[in-house]
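This is what each chain is made of:
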There are 6 protein chains.
Amino acid sequence: MTTTGPVVCFGELLLRLTAPAGSMLLQDSYVNAHFAGAEANVAIALARLGHPARHVTRLPANPLGDAAIQHLRRYGVDTTGCRFADGRLGLYFLTPGASLRAAHIVYDRAGSAFAGIDADSFSWPPLLAGASRLHLSGITAALGAGPAAAASAAVAAARNAGIPVAFDGNYRASLWTGREHLAPALLRPLAAAADILFGDARDIALLLETAVADHDRAVAAAFAAFPNLAVVAGTRRTVLGSDRHRLSARLDSRAGHAETAAVEFPVVERIGGGDAFAAGVLHALAERPADLAHAAETGLALSILKH
Amino acid sequence: MTTTGPVVCFGELLLRLTAPAGSMLLQDSYVNAHFAGAEANVAIALARLGHPARHVTRLPANPLGDAAIQHLRRYGVDTTGCRFADGRLGLYFLTPGASLRAAHIVYDRAGSAFAGIDADSFSWPPLLAGASRLHLSGITAALGAGPAAAASAAVAAARNAGIPVAFDGNYRASLWTGREHLAPALLRPLAAAADILFGDARDIALLLETAVADHDRAVAAAFAAFPNLAVVAGTRRTVLGSDRHRLSARLDSRAGHAETAAVEFPVVERIGGGDAFAAGVLHALAERPADLAHAAETGLALSILKH
Amino acid sequence: MTTTGPVVCFGELLLRLTAPAGSMLLQDSYVNAHFAGAEANVAIALARLGHPARHVTRLPANPLGDAAIQHLRRYGVDTTGCRFADGRLGLYFLTPGASLRAAHIVYDRAGSAFAGIDADSFSWPPLLAGASRLHLSGITAALGAGPAAAASAAVAAARNAGIPVAFDGNYRASLWTGREHLAPALLRPLAAAADILFGDARDIALLLETAVADHDRAVAAAFAAFPNLAVVAGTRRTVLGSDRHRLSARLDSRAGHAETAAVEFPVVERIGGGDAFAAGVLHALAERPADLAHAAETGLALSILKH
Amino acid sequence: MTTTGPVVCFGELLLRLTAPAGSMLLQDSYVNAHFAGAEANVAIALARLGHPARHVTRLPANPLGDAAIQHLRRYGVDTTGCRFADGRLGLYFLTPGASLRAAHIVYDRAGSAFAGIDADSFSWPPLLAGASRLHLSGITAALGAGPAAAASAAVAAARNAGIPVAFDGNYRASLWTGREHLAPALLRPLAAAADILFGDARDIALLLETAVADHDRAVAAAFAAFPNLAVVAGTRRTVLGSDRHRLSARLDSRAGHAETAAVEFPVVERIGGGDAFAAGVLHALAERPADLAHAAETGLALSILKH
Amino acid sequence: MTTTGPVVCFGELLLRLTAPAGSMLLQDSYVNAHFAGAEANVAIALARLGHPARHVTRLPANPLGDAAIQHLRRYGVDTTGCRFADGRLGLYFLTPGASLRAAHIVYDRAGSAFAGIDADSFSWPPLLAGASRLHLSGITAALGAGPAAAASAAVAAARNAGIPVAFDGNYRASLWTGREHLAPALLRPLAAAADILFGDARDIALLLETAVADHDRAVAAAFAAFPNLAVVAGTRRTVLGSDRHRLSARLDSRAGHAETAAVEFPVVERIGGGDAFAAGVLHALAERPADLAHAAETGLALSILKH
Amino acid sequence: MTTTGPVVCFGELLLRLTAPAGSMLLQDSYVNAHFAGAEANVAIALARLGHPARHVTRLPANPLGDAAIQHLRRYGVDTTGCRFADGRLGLYFLTPGASLRAAHIVYDRAGSAFAGIDADSFSWPPLLAGASRLHLSGITAALGAGPAAAASAAVAAARNAGIPVAFDGNYRASLWTGREHLAPALLRPLAAAADILFGDARDIALLLETAVADHDRAVAAAFAAFPNLAVVAGTRRTVLGSDRHRLSARLDSRAGHAETAAVEFPVVERIGGGDAFAAGVLHALAERPADLAHAAETGLALSILKH
Ligand SMILES: Nc1ncnc2c1ncn2[C@@H]1O[C@H](COP(=O)(O)OP(=O)(O)O)[C@@H](O)[C@H]1O
Ligand SMILES: Nc1ncnc2c1ncn2[C@@H]1O[C@H](COP(=O)(O)OP(=O)(O)O)[C@@H](O)[C@H]1O
Ligand SMILES: Nc1ncnc2c1ncn2[C@@H]1O[C@H](COP(=O)(O)OP(=O)(O)O)[C@@H](O)[C@H]1O
Ligand SMILES: Nc1ncnc2c1ncn2[C@@H]1O[C@H](COP(=O)(O)OP(=O)(O)O)[C@@H](O)[C@H]1O
Ligand SMILES: Nc1ncnc2c1ncn2[C@@H]1O[C@H](COP(=O)(O)OP(=O)(O)O)[C@@H](O)[C@H]1O
Ligand SMILES: Nc1ncnc2c1ncn2[C@@H]1O[C@H](COP(=O)(O)OP(=O)(O)O)[C@@H](O)[C@H]1O
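As a starting point, this report considers the structure included with it. On a predicted model such as this, the values are computed, not experimentally measured, just so you know. (Residues numbered from 1 in each chain as written. Chains lettered and ligands numbered in written order. Predicted model: local features only at pLDDT ≥ 70, side-chain atom pairs only at ≥ 80, totals over all residues. Heavy atoms only, no water.)

Residues and elements named next belong to chain C. The geometry of helix α1 (residues 38-48) relative to helix α9 (residues 273-287) is characterised by a closest axis approach of 8 Å and an angle of 45° between their N-to-C directions. In this view, α1 runs oblique relative to α9, as classed from their interaxial angle. Handedness of the crossing formed by α1 with α9: right-handed. Only D275, A278, A279, L282 and H283 of α9 make contact with α1, whose side of the interface consists of A38, N41, V42, A45 and L46. Among the residues forming the contact of α1 with α9, the class breakdown is seven nonpolar, two polar and one charged. (Axes fitted to C-alpha atoms, helices over the stretch in contact; angles between N-to-C directions. Helix = DSSP H or I, 4+ residues; strand = E, 2+ residues; numbered from the N terminus. Parallel < 35°, antiparallel > 145°, perpendicular 65-115°, else oblique. Left-handed = near helix turned anticlockwise from the far one by under 90°. Contact = heavy atoms within 4.5 Å. Nonpolar A, V, L, I, M, F, W, Y, C, P; charged D, E, K, R; others polar.)

Laid out in structure tokens, this is it:
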């Protein structure tokens with residue numbers, strides 16, 4: 001366990017309501033209920049690995065928000081950065097895939113307490129005091145002008161305090177519907193502030209508004225565009241069948257790169273695999289900053305365990 | 001079974017998410033999920049009694065809305081009056097009471113597809129064609145100016161077509177928070193259009209903006225204020241303990257009244273008791289219009305079965 | 001624990017399919033499944049009390065019949081008297097009562113492997129060898145001419161071998177629908193063979209085809225009509241509310257009677273209360289044959305535990 | 001959505017009681033309960049695709065029959081053709097397969113309300129009025145002389161009214177046990193009436209009482225034997241492992257045929273795959289009557305989703 | 001919320017395995033699993049009330065111990081005082097009562113990681129640093145010489161540091177089986193150190209080895225025997241029926257006493273009622289030290305909510 | 001079904017508490033509960049195959065022990081050899097594997113009623129009277145000096161009475177932690193007494209304290225070292241993926257050997273596969289003693305069904 005300060009994660013905490021295995025949504029008289037949220041997943045995974053982690057978010061001031069706090073605390077995440085406000089808890093309804101039927105999601109997150117934040121909702125200096133790192137993702141920018149401004153404020157405060165920033169693109173077209181054109185301008189400054197960027201050639205193309213290049217060129221372009229950038233971390237997935245994937249991980253620095261062998265495995269549930277990868281990489285780099293190969297292996301191992 | 005046309009019910013359909021018995025919200029990994037909504041409950045209860053019933057509402061154009069339609073159809077409700085639109089499905093989270101702990105509700109219904117309706121969302125003449133009655137409740141007026149206008153439009157169309165209107169006050173302070181002052185003006189025209197009013201002295205005082213009177217005076221005042229009114233129907237509840245109630249029903253006409261004996265019973269779940277009462281009264285009056293005593297007994301019996 | 005031979009119980013074993021608490025039948029995607037059957041309940045209760053018990057029945061030669069055997073064996077009942085044949089397993093579907101709504105049963109037992117038995121289906125002498133008692137009930141006679149003949153054969157064999165017989169009237173009108181007129185003639189010989197009769201004044205009136213008398217007279221009439229009869233055992237129930245009963249037990253011999261105090265208790269589930277009473281009485285009388293008071297107390301205690 | 005009249009489906013509705021995953025029958029205290037029945041599955045699938053569908057069947061006049069009606073209505077199937085009668089609801093008990101253990105079924109359908117029908121149980125002209133098609137299967141003929149006569153009557157009425165007939169062989173040896181020799185004579189007239197036949201070379205051989213030929217010859221023989229026949233539709237399955245199948249679909253007309261590529265997929269549950277195929281083909285041919293390739297693709301896609 | 005330091009609770013954390021409602025132990029294929037332990041219940045209740053609470057215990061160094069930590073953290077309890085060691089997690093198996101059948105417990109706690117502690121297992125000064133109070137109970141002393149010595153050491157350290165001590169007798173004969181004679185000598189020093197004692201006349205008689213006196217005399221004797229004692233807090237329970245209790249609370253100081261009215265309520269589950277009472281009293285006295293009436297009301301309210 | 005006497009199985013009966021699929025231990029509010037124990041699994045499997053089987057063990061004298069008896073009886077195992085004593089029921093907690101995550105076990109069996117047995121705990125001659133075989137495994141020897149002595153006593157009594165002995169090595173390093181050096185000396189006499197040995201080259205090397213040889217040599221060495229030995233039976237497993245194994249079975253006698261083809265299959269749950277193999281081999285050899293091939297096929301088939 002490291003003795004450095006906490007990783008501060010910033011992002012929305014959601015409730016996922018899932019149809020029981022083999023059923024369509026609301027055909028049965030219950031739904032499974034679990035908390036979700038990319039950045040909170042990273043915080044929880046880090047805390048379970050013994051790494052101090054603090055989650056910063058805004059929750060509704062009601063029993064749903066209280067339960068969200070309990071969820072974070074259960075896994076040892078520091079919740080002193082969680083604020084309460086009017087508004088709802090963001091939800092999404094998931095019908096898991098089965099055989100060749102794809103999973104299906106109904107988002108229901110408009111009007112959440114988190115979506116209502118803006119640049120002034122959090123007082124960042126105390127929230128970041130003593131932190132070893134800030135971690136955030138592109139999802140926050142997708143939620144609207146307010147959250148995007150809050151993300152900028154967080155990043156600015158971290159830069160100010162000399163705290164390194166990790167950024168996970170986490171681009172999901174469905175979250176940007178109708179605002180796709182805003183994505184590059186909103187995401188670029190966040191990526192520009194980061195020393196660790198989670199993403200692949202597609203994410204880099206989006207950030208740089210270029211065509212999708214091969215991996216080496218994309219990474220080179222990212223290093224050229226973002227002077228702070230030290231590491232680009234991503235996974236490569238081959239879908240062998242609906243329930244069988246092959247996954248490898250690759251980390252690039254300016255000095256070189258490390259790539260794991262590809263591992264084939266049965267997929268139980270995909271959700272959260274990317275977050276576990278990020279947590280594994282952050283954890284490994286915190287312990288052995290220069291060891292790209294170790295970080296790639298750790299990220300891959302955690303990601304597969306999550307699948 | 002009657003041969004007259006359908007009772008057309010109009011109101012929001014919600015999803016109720018309930019913590020498992022004995023648990024607080026989101027302490028377990030699932031929540032029970034059931035459709036709810038006062039007016040839809042009436043439609044379903046009527047259909048189960050063999051009475052034609054049509055439900056008019058607006059639902060989100062997604063799998064949650066589809067499941068809501070399936071719910072109505074399952075019990076034989078005609079869904080040709082259900083429209084689809086953008087927006088969410090209204091939700092509420094319920095923690096059931098236990099021993100002396102009261103039940104607790106978190107509403108999460110802002111922004112629903114139904115809340116976005118206005119006076120022009122429904123083309124009432126075809127929806128009401130052939131109907132034997134329109135049934136609606138004060139809940140719709142509480143949801144905002146648009147739904148209130150839609151309720152007015154429905155009532156106007158029914159009056160125009162000579163179709164009798166039943167109105168259930170269903171006043172819940174928590175639904176009117178911040179808009180309490182608007183309630184009388186919004187609800188009074190709906191009550192004024194009705195020949196059957198579900199409510200008690202407290203509801204009448206609210207409508208007439210008077211102090212709460214005893215039952216006889218309140219009913220007299222209602223008959224004086226609302227020339228179309230033929231029947232006032234309500235229940236009187238004595239709470240004997242957290243799990244034991246005593247309930248009687250009373251119907252007043254201009255000519256007299258009928259009152260049942262009070263029945264004592266163990267309470268399993270309170271939700272929907274008022275709706276079942278309304279359905280029982282409507283059903284009985286449809287079959288034997290002048291028989292207040294029969295209607296009071298039928299309403300009471302159904303209400304208790306629902307508890 | 002007694003050292004005497006087994007009580008041999010004879011009767012149908014059924015599967016009860018029950019709607020989950022609070023639901024109507026088949027509204028949910030599962031039903032609870034438990035084995036039932038009055039005489040088998042007695043056998044199981046005796047075995048759990050440490051008394052040897054053998055159950056004689058006929059089951060379908062399929063996995064349902066196998067599971068029924070496992071059920072009996074689990075509680076230590078000797079299943080060497082169970083036969084297999086074509087036919088189905090008798091079922092009944094139960095919707096439990098709630099609040100003031102009564103429980104509702106749908107029988108589905110026609111054509112069962114047991115219903116197809118006749119006087120020759122069992123070779124009674126070996127089945128009864130070494131037995132301390134035969135126990136059967138009026139339900140078997142209700143199932144048709146074949147089962148009634150089989151019950152007669154069982155009773156005749158027991159009388160022949162000097163084995164005492166216990167008979168539980170267990171009259172349920174719904175089982176005799178269309179054959180009510182046959183009941184007295186079919187049941188009387190079974191009661192006439194018994195030294196212990198479970199029943200009350202209503203049961204005796206049915207057997208003797210007289211009007212229902214008060215308890216003392218009914219019992220006197222039974223002793224007069226049935227020379228073998230030594231004990232009449234029954235319970236008196238006062239329903240205080242849907243979930244609250246008061247129950248007392250009374251045993252009459254030719255020499256006198258014993259009656260317990262009445263015990264008030266909350267009712268969880270009624271089914272099987274009468275069977276537990278019979279098992280308790282049989283167990284107590286096997287250990288202390290002359291102690292009516294002890295037997296009444298034991299029967300009452302077991303019956304209440306079953307409620 | 002098409003504007004043509006409803007597809008009228010005719011057949012038994014059953015209740016399937018399934019052991020929980022990983023358990024043998026009745027080892028647990030509950031069983032999963034779902035409605036089943038090949039023709040009703042087709043009706044439901046068509047209704048979910050937006051196609052009007054009416055199901056004609058006979059159900060027991062009890063709460064199980066009521067729940068069956070609710071099941072059909074939930075998915076939008078018109079139930080005006082459902083009749084009620086004495087008798088039971090047909091059941092079957094299913095132990096799902098696991099690893100290399102095959103699934104196991106115990107039928108319990110003798111004496112059902114449907115099995116008691118005969119040629120006069122339904123008044124077909126009004127039931128078929130306005131219909132775009134009648135769909136039935138060989139299962140009905142397997143249930144006994146009465147149901148077979150009812151199927152003939154249905155087919156005759158459809159022919160009379162000029163309504164096309166679809167027939168799914170659905171041959172299951174276990175349903176015909178002891179009556180195998182009757183199958184060809186009972187099934188042939190049904191197939192002879194159909195313009196669409198669901199089946200493969202094995203089904204055709206059975207109908208024509210010939211040896212099993214290769215697919216092309218079998219289809220040619222069918223077209224020769226049945227002058228009304230326009231389309232033969234079937235699937236070809238390769239079992240790659242207990243949980244992995246490969247499936248393709250083929251439709252033959254007198255003018256040619258269309259065959260899909262074979263799709264490999266993990267099998268979740270096999271039941272109902274054939275019904276979904278039939279529904280997909282009927283739906284596609286209703287929209288684009290001449291497009292065999294489109295129908296084959298649609299049928300295959302729906303069938304795989306059901307697995 | 002108070003700004004004073006944490007209440008430090010010290011005691012064993014157990015896992016309770018409970019048969020599903022209505023079932024006997026291990027008749028079903030699952031058991032409900034919840035963490036328990038009198039002192040940890042107090043810590044959790046205080047934390048939920050917003051009061052800082054730290055739990056000190058020893059847990060097995062395995063996934064069960066990890067899950068115990070997560071349980072405490074979930075509700076906001078500070079777990080920095082939890083140690084890990086070899087040994088097991090203490091368990092108990094509970095069959096809930098039903099109707100007149102009493103609940104039944106099988107303890108399985110021998111050899112637990114906590115039972116192996118001794119006077120030196122915890123370094124108390126840092127664990128108590130900044131604490132506003134130490135809370136412990138007689139259960140720890142019942143677990144053996146080692147735990148009893150650890151309790152003494154805790155109390156001594158608290159006294160040394162000037163930290164007030166609360167002691168809950170929590171006498172359960174079944175925990176002391178075979179060691180009953182040791183109880184007074186082991187418990188008396190713990191009570192002597194306390195300024196708040198939870199218990200009634202029976203507990204005081206046990207501590208002072210006198211006959212059970214009436215409440216006033218017992219309390220007077222306790223104040224005479226224990227110079228540090230400031231408050232005696234207890235509840236009085238009347239069992240009205242198996243599922244209906246009446247409860248009142250009383251607090252005595254040297255200056256007087258406060259007693260609540262008796263509240264009648266339906267009992268859902270008894271376990272933990274005493275712990276909730278203690279937490280309510282500690283919380284109320286921390287906020288308003290002199291207000292006995294307020295503390296009695298708060299304790300009673302929380303206790304009833306737990307039933 | 002054979003007419004020979006029962007196979008007497010001797011070993012501990014445990015309770016397995018399993019996290020729900022997809023969850024970690026104690027993240028949910030329940031755990032699945034099933035009885036386990038290698039030798040009892042063999043007894044149950046034999047009884048289900050129609051072979052008489054008696055299980056000899058010691059259980060705690062409490063409701064958990066009673067439930068264990070019920071479990072054995074349910075499947076027709078003779079429990080007259082089960083004794084009761086103080087102590088606990090041995091437990092283990094299982095987190096099933098998922099995707100690439102391995103299953104994880106927490107043993108909690110110290111201090112069990114069985115672990116407390118010694119050479120005199122069972123009176124073997126009557127327990128073995130009429131038996132066709134004694135079956136035991138190396139697990140018993142691993143539990144301590146007392147159980148090891150009891151196993152020796154059982155084997156000695158069997159040899160004395162001329163009853164053949166089957167021995168399953170069942171070596172699990174985790175059970176011998178800290179006592180590994182004792183294993184060969186404790187296990188060798190048990191193996192030496194056996195005519196059927198379940199194990200592979202690794203097990204034989206352990207018994208003979210040699211290096212692991214190839215299969216043929218290992219078997220030859222075993223036949224040389226153990227003059228009583230007639231058959232060595234084992235399986236060869238190839239792990240193709242986390243959820244896909246290939247398994248073959250081989251039986252060696254002094255005269256030759258038989259080996260099945262390798263079967264590939266999806267793995268649902270591994271636990272108990274070895275026990276099912278042993279039961280299948282014992283059953284087959286009891287019916288056709290010389291038919292190695294038949295026994296290998298039977299063992300393999302049962303083992304795969306258990307996976
Ligand atoms: N709209 C959203 N807002 C925040 N988090 C989301 C949203 N949608 C999904 N997530 C979360 O993002 C995480 C990553 O999603 P996933 O589908 O696994 O993609 P990947 O593994 O490629 O990152 C999940 O944990 C999920 O809970
Ligand atoms: N906000 C709401 N909008 C619509 N229906 C509601 C709302 N809140 C509750 N309901 C519904 O109103 C119905 C009646 O509620 P209930 O609490 O039983 O009061 P009562 O029985 O006195 O009418 C319930 O069926 C519930 O589903
Ligand atoms: N048709 C039946 N055939 C056999 N047993 C039945 C039948 N119906 C009910 N039983 C059984 O009879 C037993 C006694 O029923 P119950 O309703 O408790 O009446 P009572 O307690 O008055 O005897 C129950 O265990 C039930 O399983
Ligand atoms: N005896 C039966 N009577 C009516 N329907 C049945 C019967 N047995 C099975 N079915 C139904 O037939 C349908 C098709 O069965 P299935 O086993 O999937 O075969 P296939 O997919 O090859 O047609 C299923 O939906 C099932 O519910
Ligand atoms: N052996 C034990 N060790 C520790 N805690 C125990 C033990 N037995 C019970 N408890 C705990 O003690 C608490 C109080 O028990 P309870 O039966 O409610 O008595 P009371 O309410 O009178 O104090 C419960 O929370 C339970 O978890
Ligand atoms: N410590 C133990 N004591 C007794 N039986 C055990 C123990 N651990 C596992 N078992 C039992 O041993 C049996 C065999 O275990 P398993 O893991 O399947 O190995 P294999 O199949 O190779 O023999 C299982 O049924 C399990 O219940």
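Moving on, there is more to tell.
Moving on, we get to the site of ligand 5. Residues and elements named next belong to chain E. Around ligand 5 there are 18 residues in total, and N41, R109, R172, G274 and D275 lie nearest to it. R172 places a polar side-chain atom, nitrogen or oxygen, 2.5 Å from an oxygen atom of ligand 5. Out of a free accessible area of 550 Å², ligand 5 has 86% covered by protein chains. The set of elements that each furnish at least two residues to the shell around ligand 5 consists of α1 (38-48) and α10 (273-287). Sorting elements by how many residues they give to the shell around ligand 5 places α10 first, with three residues. By residue class, the composition of the shell around ligand 5 is eight nonpolar, six polar and four charged. (Near = heavy atom within 4 Å. Polar contact = N/O pair within 3.5 Å; in protein donor to acceptor, adjacent residues only side chain to side chain. Areas by Shrake-Rupley, 256 points an atom, 1.4 Å probe, with all protein chains shown as cover.)

It is worth spelling out the sheet that holds strand β3 (residues 30-36) of chain C at this point. In spatial order, the strands read β7(C)-β6(C)-β2(C)-β3(C)-β3(D)-β2(D)-β6(D)-β7(D); together these eight strands make up an open sheet with mixed pairing. Each having just a single partner strand, β7 (104-108) of chain C together with β7 (104-108) of chain D make up the two edges of the open sheet. Along the sheet, successive strands turn relative to each other by an average axial angle of 30°, direction set aside. Inspection of the sheet shows strand β6 (residues 91-95) of chain D paired to β7(D) by five bridges, in the antiparallel sense. (Pairing = 2+ DSSP bridges.)

Backbone hydrogen bonds are what pair the strands of a sheet, in a parallel or an antiparallel way. Strand order across the open sheet formed by eight strands is β7(E)-β6(E)-β2(E)-β3(E)-β3(F)-β2(F)-β6(F)-β7(F), with mixed pairing between neighbours. Edge positions in the open sheet fall to β7 (104-108) of chain E together with β7 (104-108) of chain F, since each of these has one partner strand only. Across this sheet, the average inter-strand angle for adjacent strands is 30°, counted without regard to direction. In this fold helix α2 (residues 63-74) of chain E packs onto β3 (30-36) of chain E together with β6 (91-95) and β7 of chain F, with an angle of close to 60° to the strand it touches most, β3(E).

Below, the discussion takes up the site of ligand 1. All names here are of chain A. Near ligand 1 there are 18 residues, and of these N41, R109, R172, G274 and D275 occur at the shortest range. In the model, an oxygen atom of ligand 1 is placed 3.4 Å from a nitrogen or oxygen of the N170 side chain. In the environment of ligand 1, an oxygen atom lies 2.6 Å from a nitrogen or oxygen atom belonging to the side chain of D275. Across the complex, the protein chains shield 86% of the 550 Å² of accessible surface that ligand 1 would expose by itself. Mapped onto the shell around ligand 1, the elements with two or more residues apiece are α1 (38-48) and α9 (273-287). Here the shell around ligand 1 gets three residues from one element, more than from any other, and that element is α9.

The next subject is the interface of chain C and chain D. Listed per partner, the contact involves 24 residues of chain C and 24 residues of chain D. Buried area between chain C and chain D, summed over both chains or domains, comes out near 1900 Å², and the portion from carbon and sulfur atoms is 69%. For the pair chain C and chain D, the number of links is two salt bridges. Residue C:D108 pairs with D:R88 through a salt bridge whose shortest N-O separation is 2.4 Å. Mapped onto the side of chain C that touches chain D, the elements with two or more residues apiece are β2 (14-18), β3, α2 (63-74), β6 (91-95) and β7 of chain C. The greatest single-element share of the side of chain C that touches chain D, amounting to six residues, is contributed by β3(C). The residue makeup of the side of chain C that touches chain D, split by class, is 14 nonpolar, seven polar and three charged. Here three bridges tie β3(C) to strand β3 (residues 30-36) of chain D, and the two strands are oriented antiparallel to one another. Counterpart to C:Y30 in the pairing with β3(D) is D:N32. (Buried area = accessible area lost by both parts, 1.4 Å probe. Salt bridge = Lys/Arg side-chain N within 4 Å of Asp/Glu carboxyl O.)

This next bit is on the relation of the copies chain A and chain B. Of the two same-sequence chains, chain A is brought onto chain B (RMSD 0.0 Å, axial shift 0.0 Å) by a rotation of 180°. Such values leave the two copies arranged in the relation of a two-fold axis. Using C-alpha coordinates, one finds that chain A approaches the rotation axis most closely at A:V31, a distance of 2.8 Å. (Least-squares fit on C-alpha atoms with pLDDT ≥ 70 in both.)

As a further point, take the pattern of salt bridges. This model, assessed by the stated rule, comprises 73 salt bridges over all chains. A salt bridge links C:R133 to C:D195, with the nearest nitrogen and oxygen atoms 3.0 Å apart. Of this pair, C:R133 sits in strand β8 (residues 133-137) while C:D195 is found in the loop between α6 (183-193) and β10 (196-198), placing the two residues 62 residues apart along the sequence. In this structure, C:R133 and C:D195 share a single accessibility class: buried. Between C:R217 and C:D214 there is a salt bridge, with the nearest N and O atoms lying 3.6 Å from each other. Overall, the relative accessible area of 60% leaves C:R217 in the exposed class. Taken together, the salt bridges that share partners define one network made up of A:R88, A:D108, B:R88 and B:D108. (Buried < 20%, exposed > 50% of the residue type's maximum accessible area, 1.4 Å probe, protein only.)

Counted under the stated rule, the structure contains 45 aromatic pairs over all chains. With a centroid separation of 4.9 Å and an interplanar angle of 80°, the aromatic rings of B:F10 and B:W124 are classed as edge-to-face. Taken together, the residues B:F10 in strand β1 (residues 7-10) and B:W124 in helix α3 (residues 124-128) connect sequence positions 114 residues apart. Neither B:F10 nor B:W124 differs from the other in exposure class; each is buried. Three or more aromatic residues joined by ring pairs make a cluster, and in this case those are A:F10, A:F114, A:F122 and A:W124. (Phe/Tyr/Trp six-rings, centres within 6.5 Å; stacked < 30°, edge-to-face > 60°.)

The subject of this paragraph is the relation of the copies chain C and chain D. By a simple turn and slide, chain C fits onto chain D: the slide is 0.0 Å along the axis, the RMSD is 0.0 Å, and the turn is 180°. Comparing contact sets, 100% of the residues at the interface of chain C also lie at the interface in chain D, consistent with an isologous, same-surface contact.

A separate point is empty space enclosed by the protein. Residue and element names in this part refer to chain A. What the rule picks out here adds up to six cavities of 30 Å³ or more. As a volume, the largest cavity reaches approximately 60 Å³. Around the largest cavity, the lining residues are F167, G169, Y171, L187, L197, F198, D203, I204, L206 and L207. Among the secondary structure elements, those contributing two or more residues to the lining of the largest cavity are β10 (196-198) and α7 (201-208). If one sorts the elements of the lining of the largest cavity by residue count, α7 sits on top with four residues. Across the lining of the largest cavity, the residue classes break down as eight nonpolar, one polar and one charged. (1 Å grid on protein atoms, 1.4 Å probe; cavity = no way out; pocket = protein on both sides within 12 Å on 5 of 7 lines; lining within 4 Å. Points joined across faces, edges and corners; volume = space filled by probe spheres on them.)

Next up on the list: the nonpolar core. In terms of nonpolar packing, the biggest core is built from 110 residues, with A:L251 and B:L251 touching the most fellow members. Not counting chain neighbours up to four residues away, the residues in contact with A:L251 comprise A:V231, A:V232, A:A233, A:G256, A:H257, A:A258, A:F277, A:V281, A:L285, A:L292, A:A295 and A:A296. Grouped together as the second largest cluster of nonpolar side chains are 109 residues, C:A47, C:L292, D:V7 and D:V77 included. (Core = buried A, V, L, I, M, F, W, Y, C linked by side-chain atoms within 4.5 Å.)

Here the focus is helix α11 (residues 292-306) of chain B. An α-helical segment advances 3.6 residues per turn. Residues three or four places apart therefore align on the same side. Residues and elements named next belong to chain B. The terminal C-alpha atoms of α11, which comprises 15 residues, lie 21 Å apart, in line with the 21 Å expected from a rise of 1.5 Å per residue. Residues L292, A295, A296, T298, G299, L300, S303 and I304 constitute the buried set of α11. The inward-facing, buried residues of α11 contact β11 (231-241), β12 (244-253), β13 (257-259), β14 (263-266) and α10 (273-287). (Expected span 1.5 Å × (residues − 1).)

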